[in-house]
Amino acid sequence: MILDGKLVAENLDKYTIEKIKENKDFFDWKYVAFLLFEDDISSRAYIKMKQKKAEKFWLWTKVVEDTKLDDYKKAIEIIDELNNDETCLWILVQLPINNNLKQYQWKILANINPKKDIDGLWWVLFGLSQIDAIYFLPATVRAVFEILYFYKISVAWKNISILGQSNLIWKPTATECMRQQATVFSFNSFSEIEDIKDACRKSDIIISATWQLHLLDSSFLSKNKMQVLVDVGWGTINWKATWDFNFENIDTSKHMFTPVPGWVWPVTVSSIFANLVDLQKIL
């Protein structure tokens with residue numbers, strides 16, 4: 001069974017539109033800001049996708065582009081100016097940033113006003129969520145759970161394998177699964193492949209965000225039960241969209257899975273804007 005992210009995104013957009021209509025005076029004539037500090041084709045594509053989505057919610061967009069910027073203090077000045085602009089709702093530093101700034105990435109992200117950190121890229125929202133002071137999920141993580149909720153897939157009391165250990169996806173995903181009473185198996189690039197396979201076969205849900213294309217094939221899956229396969233990684237092989245799961249080697253009729261296209265990323269873009277309206281109430 002296909003878990004169609006496009007349907008989930010459309011449903012989540014209805015929620016966002018409803019919330020914006022309820023608070024129309026606040027959102028009127030506001031904009032979201034994208035900071036592009038690296039000349040990256042994928043980054044430009046992501047920004048265009050988010051700009052198109054912003055139009056759906058009657059929001060303006062502003063792109064600040066300086067791909068050769070080598071002074072992190074200048075990046076912080078740009079962010080400070082946006083922080084102080086009441087008409088700016090959200091600041092997104094599109095990652096990756098260029099090599100000149102990379103060592104200062106945490107300093108740059110740390111200067112974003114938490115109320116404008118819709119992607120949840122820095123520690124304030126993540127930290128408050130970890131101690132249950134607020135309930136907030138970064139956009140990609142929220143997308144994973146929005147898909148599960150839409151298809152009425154509960155994580156409670158389930159075995160869940162999570163592959164990949166990024167701060168943006170792995171930590172908040174694992175924490176949210178445990179918060180909902182799941183048993184979590186977590187793996188990284190140093191884990192033994194047979195240990196990963198053994199845990200995956202026992203799992204009810206497998207969430208992969210490794211960006212190691214075609215890493216998981218049928219040998220990772222159970223032969224006896226239907227499993228939920230959520231693929232967050234993606235890339236291209238011979239100019240063809242490809243993902244962490246090698247679905248050419250998997251009998252998809254036996255599992256529930258997120259395909260490409262129509263996968264997690266459309267929901268991620270919608271989740272960014274859902275976070276935008278939710279953060280106005282949280283903080």
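Residues numbered from 1 in each chain as written. Predicted model: local features only at pLDDT ≥ 70, side-chain atom pairs only at ≥ 80, totals over all residues. Heavy atoms only, no water.

Visitor: Before we move on, can you summarise the side chain of E176 with the specific residues and values?
Guide: On the secondary structure map, E176 appears in helix α9 (residues 170-179). By relative accessible area, which is 2% here, E176 ends up buried. E176 has contacts with Y135, L137, F145 and Y149, leaving out every residue within four places of it along the chain. (Helix = DSSP H or I, 4+ residues; strand = E, 2+ residues; numbered from the N terminus. Buried < 20%, exposed > 50% of the residue type's maximum accessible area, 1.4 Å probe, protein only. Contact = heavy atoms within 4.5 Å.)

Visitor: Describe the pairing of strand β4 (residues 159-163), and please don't skip the residues or the numbers.
Guide: Both faces of the sheet carry side chains from a regular strand, because those side chains alternate between them. With four of five residues buried, β4 is to be regarded as a mostly interior element. Bridge analysis of β4 against strand β5 (residues 183-187) gives five bridges, and the strand direction is parallel. Across the sheet, I162 pairs through a bridge with S186, a residue of β5. Once you follow β4 into α9 and on to β5, the crossover reads as right-handed. (Pairing = 2+ DSSP bridges. Right-handed = clockwise from strand over helix to strand, strands pointing away.)

Visitor: Now, about the environment of T268: what can you tell me, with residues and values included?
Guide: Relative to the elements of secondary structure, T268 occurs in helix α11 (residues 264-282). By relative accessible area, T268 is classed as buried at 5%. Ignoring anything within four residues of it in the chain, the contact list for T268 reads A139, T140 and A143.

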